[in-house]
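An overview of the molecular structure
For reference, the chains in residue letters:
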Amino acid sequence: MEPLNQLTEWVNQSRNIVFFGGAGVSTESGIPDFRSVDGLYEQQYDYPPETILSRSFYVKNKSEFYRFYRNKMLYLKAKPNAAHNKLAELEQAGRLKAVITQNIDGLHQRAGSKEVLELHGSVHRNYCMSCGKLFSAEYVLESRDTPLCDECGRDIKPDVVLYEEGLDTATLQKAISYISGAEILIVGGTSLAVYPAAGLIDYYHGSKLVLINKTATPMDSRADLKIEGKIGEVLSQITVS
Ligand code: NAD
């Protein structure tokens, strides 16, 4: 059977699908990923992105961190694409239980998905490191240099997991629970190179592991169904019955 027909058949037979995705899910919305040829890692900065987006760099060089962060991580005009929309439709139809994402852009929620587990946090939550007051991404974008709390004047930090920081334990546990109980796990738009997130796939014990990616990944040989292509183009071809 054609891979797309197989995927459509599986999807329409299940009420227990879990999706696990990464930056490739949002490239069709105009947000660059990290590891594609036109991704952030191919662009030139004074420091590599992993260095700038690390906890120790943030602590020592807040101005430089925010210069990069505002330019390269905040795409507040981006809109959900066909992949986000189809996943929201599948949840609405009672087929998909959860979206687990490494993305920080909030586009799944904007498309209407309700159960979204953000492993790496969100640019839309920013908090004062002293009093805990919450701020919008727009506030961070419009502020100069290091954004400061308008009440106590202390630094604001995005609720985004930086390199050298741990993932939220409760979110991770919930993700493991969804993946280990899933009938179908659809993995898409991720290089599966960032741990511990990529290791979550090991918790899937079913026989319908679907991998949708533009390029090869280290886990291709484990897939029961592999579709090479753009995830928005692929998912939009599924008719939900
Ligand atoms: P990655 O950049 O390492 O890999 C992206 C993968 O998606 C690549 O394998 C690429 O070939 C594939 N891809 C790109 N466009 C695609 C498309 N349209 N359809 C299918 N596949 C496509 O991304 P990652 O694995 O998510 O890991 C990088 C880290 O970067 C994550 O932790 C994430 O937090 C962060 N990040 C997030 C965003 C975002 O929120 N949109 C953007 C950049 C990076």
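Read on for an overview of the structure. The shown structure was predicted, so the numbers you read here are calculated from the model rather than taken from an experiment. Position labels on residues start from 1 in each chain and follow its written sequence. Local features in this predicted model are restricted to residues of pLDDT 70 or higher, and side-chain atom pairs are both shown and tallied only at a pLDDT of 80 or more, whereas totals for entire chains, interfaces and linings draw on every residue. Derived side-chain values reflect all non-hydrogen atoms in the structure, with water molecules and hydrogen atoms excluded from consideration.

By convention in these notes, a residue is near a molecule or strand provided one of its non-hydrogen atoms lies within 4 Å of it. Taken together, 27 residues surround the ligand, and among them Arg35, Gln102, His120, Ser191 and Thr215 come closest. Taking Gly24, its main chain carries an N or O atom lying 3.4 Å from a nitrogen atom of the ligand. Where accessible areas are quoted, they stem from the Shrake-Rupley method and a 1.4 Å probe; at the residue level, only the protein chains shown are allowed to cover. Its free accessible area being 850 Å², the ligand has 96% of it covered by the protein chains. Classification used: nonpolar for Ala, Val, Leu, Ile, Met, Phe, Trp, Tyr, Cys and Pro, charged for Asp, Glu, Lys and Arg, polar for all others including Gly. Its residues assigned to classes, the shell around the ligand shows seven nonpolar, 14 polar and six charged. N or O atoms closer than or at 3.5 Å make up a polar contact, with two conditions inside protein: a donor-capable atom paired with an acceptor-capable one, and, for residues adjacent in sequence, both atoms drawn from side chains.

So, on to helix α5 (residues 82-92). It helps to recall that an α-helix has 3.6 residues per turn; residues three or four apart then point in one direction. Think of it in three bands: residues with accessible area under 20% of the maximum for their type are buried, residues over 50% are exposed, and the middle band is partly exposed, with areas taken using a 1.4 Å probe on protein chains only. Numbering of helices and strands runs from the N terminus; a helix is a DSSP stretch of H or I covering at least four residues, while a strand is a stretch of E covering at least two. Inspection of α5 places Ala83, His84, Lys86, Leu87, Ala88, Leu90 and Glu91 among the buried residues, and these make up the whole buried set. Any two residues whose heavy atoms approach within 4.5 Å are treated as being in contact. Looking at the buried positions of α5, the neighbouring elements they touch are α1 (3-13), β1 (17-21), β2 (96-101), α6 (107-111) and α9 (231-235). With a side-chain oxygen lying 2.7 Å from the backbone nitrogen of Ala83, the N-terminal cap of α5 falls on Asn81. Of the residues one or two after α5, Gly94 is the one with positive phi, at around 80 degrees.

Here strand β9 (residues 225-228) shows one buried face, formed by Leu225 and Ile227, and one open face, formed by Lys226 and Glu228. Here, a strand pair is defined by DSSP locating no fewer than two bridges between the strands. By the bridge criterion, four bridges tie strand β8 (residues 209-213) to β9 in an arrangement that is parallel. Across the sheet, Ile212 pairs through a bridge with Ile227, a residue of β9.

Stacked, tilted and edge-to-face are the three classes applied to pairs of Phe, Tyr and Trp rings, where Trp contributes its six-membered ring and a pair requires centres within 6.5 Å; stacked means planes under 30 degrees apart, edge-to-face means over 60, and tilted covers the rest. Enumeration according to the criterion identifies seven aromatic pairs in this entry. Here the aromatic rings of Tyr47 and Phe57 are separated by 4.9 Å at their centres, their planes lie at 70 degrees, and the arrangement is edge-to-face. Of this pair, Tyr47 sits in the loop between β1 and α2 (49-52) while Phe57 sits in helix α3 (residues 55-60); the two residues are 10 residues apart in sequence, bridging distant segments of the chain. Of the residues examined, Phe57 reaches a relative accessible area of 6% and is grouped as buried.

Now for unusual backbone geometry. Working note: non-glycine residues mostly have negative phi, and peptide bonds are mostly trans. The omega torsion across Tyr195 and Pro196 is 10 degrees, close enough to zero to call that bond cis. Checked against the element boundaries, Pro196 lands in the loop between β7 (184-188) and β8. At Leu192, a residue that is not glycine, the phi angle is positive and equals roughly 55 degrees. With respect to the element layout, Leu192 can be found in the loop between β7 and β8.

A pair is scored as a salt bridge if a Lys or Arg side-chain nitrogen falls within 4 Å of a carboxyl oxygen belonging to Asp or Glu. Tallying each qualifying case throughout the model produces 14 salt bridges. The residue Glu115 makes a salt bridge to Lys174 at a minimum N-O spacing of 3.3 Å. With a gap of 59 residues between them, Glu115 in the loop between α6 and β3 (116-118) and Lys174 in helix α8 (residues 169-181) connect regions that are remote in the sequence. Taking the shortest distance from any N to any O, the salt bridge between Lys226 and Glu228 comes out at 3.3 Å. The exposed category is assigned to Glu228, whose relative accessible area is 58%. Connected through salt bridges with shared partners, the residues Arg55, Lys157 and Glu165 form a single ionic network.

A separate point is the sheet that holds β3. The pairing of strands in a sheet happens through backbone hydrogen bonds and is either parallel or antiparallel. Spatially, six strands are ordered β3-β2-β1-β7-β8-β9 in an open sheet, and the strand pairing comes out parallel. Pairing within the sheet leaves two strands with one partner each, and these edge strands are β3 and β9. Between one strand and the next, the sheet's axes are offset by a mean angle of 15 degrees, whatever the strand orientation. Bridge count between β1 and β7: five bridges; the pairing is parallel. Across the sheet, residue Phe20 finds its bridge partner in β7, namely Val187. Note on geometry: axes are C-alpha line fits, over the in-contact stretch for helices, and angles between N-to-C directions span 0 to 180 degrees. Strands in contact with α1 are β1, β7, β8 and β9; relative to β9, the strand with the most contacts, it is inclined by about 125 degrees. Docked against the sheet, α5 engages β1 and β2, running at close to 145 degrees with respect to β2.

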